[in-house]
Amino acid sequence: MTTTVEAVGTTTYGPPRRRVPVGVHASDPILRAGVVHQLRQRPEVDLLPEEDAERASVALVVVDQVDEETTRLLRRLRHGDARVGLVVGRFERTALQSAIECGVAAVLRRATATGERLVEMVTAMSRGEGVLPGDLLGHLIDHVGRLQREVLDPRGLTLSTLTAREVDVLRLIAEGFDTAEIAAKMSYSERTVKNILHEITTRLHLRNRAHAVGYALRQGLI
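Residues numbered from 1 in each chain as written. Predicted model: local features only at pLDDT ≥ 70, side-chain atom pairs only at ≥ 80, totals over all residues. Heavy atoms only, no water.

J.: Got a minute to help me understand the overall build of the protein chain in this structure?
T.: Scanning the protein chain from N- to C-terminus turns up 9 helices and 7 strands. Buried positions account for 40% of the 222 residues belonging to the protein chain. Residue pairs in contact within the protein chain that sit at least 24 positions apart in sequence constitute 63% of those at least 6 positions apart. A total of about 13400 Å² of accessible surface is found on the protein chain, and carbon and sulfur atoms cover 50% of it. (Helix = DSSP H or I, 4+ residues; strand = E, 2+ residues; numbered from the N terminus. Buried < 20%, exposed > 50% of the residue type's maximum accessible area, 1.4 Å probe, protein only. Contact = heavy atoms within 4.5 Å. Areas by Shrake-Rupley, 256 points an atom, 1.4 Å probe, with all protein chains shown as cover.)

Printed below as a string of structure tokens:
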């Protein structure tokens, strides 16, 4: 089963959607030929020749497994403009973290890579969505949960890049409290509150406390 993170919307009518420019990168010519054959005649896809692959908005990497050579390619592609999808023969759960660190937005096992599945993957990525097989999605959720419990929670950190007390300070600022009032509510000194705000604005390159509150609001933290 493949799980796609989808945006819910309404059906619209009008001109056909723009074809998605796709570049295919493969570890050998036979693997590339298989994916190219599946995509060549699809109206949703503008399949680019190898020499023009850098113009792609979606890059498909087709390999047997995620090894050092694949990782080097993924890291190189991460610095381009294309969203990267991985079509892979053997994909161990331990490779998931490496793939995500390399900027991979979607994974499809080659055994299930029909033309329809490939097009679904490409169009989902072009909309900014992610695609993972169901078992890998569950593994990712478990991994993130362990990271929060075992690494971040003991240090008072969160995945949002703000600590719990930093979020509390910004929430109180958003509610209109000044430094002295925040210090009283949190049982801190005013200097501690100012130091917390200074740490937030410095670490996240924010201009002032209003900018910091805006950042927290956009991230859905307060």
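Further notes follow.
J.: I keep staring at the nonpolar core and nothing clicks. Help me out?
T.: Taken as a class, soluble globular proteins show a tendency for nonpolar side chains to be buried jointly. Grouped together as the largest cluster of nonpolar side chains are 23 residues, with contacts concentrated most on Val22, Leu39 and Leu60. No other element matches helix 4 (residues 115-126), which puts 6 residues into this core. If sequence neighbours within four positions are ignored, Val22 has contacts with Leu39, Val45, Asp46, Leu47, Leu48, Ala56, Val58, Leu60 and Val122. (Core = buried A, V, L, I, M, F, W, Y, C linked by side-chain atoms within 4.5 Å.)

J.: What should I look at first to understand the environment of Ala124 in this one?
T.: For Ala124, the position within the fold is in helix 4. On the accessibility criterion, Ala124 (1% relative accessible area) is buried. Here the alpha-carbon distance between Ala124 and Ala106, two residues 18 residues apart in the chain, equals 9.0 Å.

J.: Teacher, can you tell me more about the packing of helix 6 (residues 164-174) against helix 8 (residues 190-203) here?
T.: When two helices pack together, their arrangement is given by the angle between the helix axes and the distance between those axes. The N-to-C vectors of helix 6 and helix 8 enclose an angle of 100 degrees; their axes lie 10 Å apart at closest approach. Considering the angle they form, helix 6 stands roughly perpendicular to helix 8. Contact with helix 6, carried on its side by Arg165, Glu166, Val169, Leu170 and Ile173, involves Thr192, Val193, Ile196, Leu197, Glu199, Ile200 and Arg203 of helix 8 and no other residues of that element. Of the residues contributing to the contact of helix 6 with helix 8, the split by class is 7 nonpolar, 1 polar and 4 charged. (Axes fitted to C-alpha atoms, helices over the stretch in contact; angles between N-to-C directions. Parallel < 35°, antiparallel > 145°, perpendicular 65-115°, else oblique. Nonpolar A, V, L, I, M, F, W, Y, C, P; charged D, E, K, R; others polar.)

J.: I'm lost on the environment of Ala174 in this one. Help?
T.: Positionally, Ala174 belongs in helix 6. Note: C-alpha distance between Ala174 and Ala210 (36 residues apart in sequence) is 8.4 Å. Here Ala174 is in contact with Val213 and Ile222, once residues within four sequence places are set aside.

J.: What should I look at first to understand the pattern of salt bridges in this one?
T.: Pairs can form between side chains of opposite charge whenever their charged atoms are close. Throughout the structure, instances matching the rule amount to 9 salt bridges. One salt bridge connects Asp64 with Arg110, and the closest N-O pair in it is separated by 3.2 Å. Taken as a pair, Asp64 in strand 4 (residues 58-65) and Arg110 in the loop between strand 6 (104-109) and helix 4 lie far apart in primary sequence, 46 residues in all. The partly exposed category is assigned to Asp64, whose relative accessible area is 34%. The closest approach of N and O atoms between Glu199 and Arg203, which form a salt bridge, is 3.0 Å. Placement of the pair is Glu199 and Arg203 together in helix 8, with a separation of 4 residues, close to one helical turn. With relative accessibility at 32%, the residue Arg203 sits in the partly exposed group. Connected through shared salt-bridge partners, Arg42, Glu44 and Glu116 make up one network. (Salt bridge = Lys/Arg side-chain N within 4 Å of Asp/Glu carboxyl O.)

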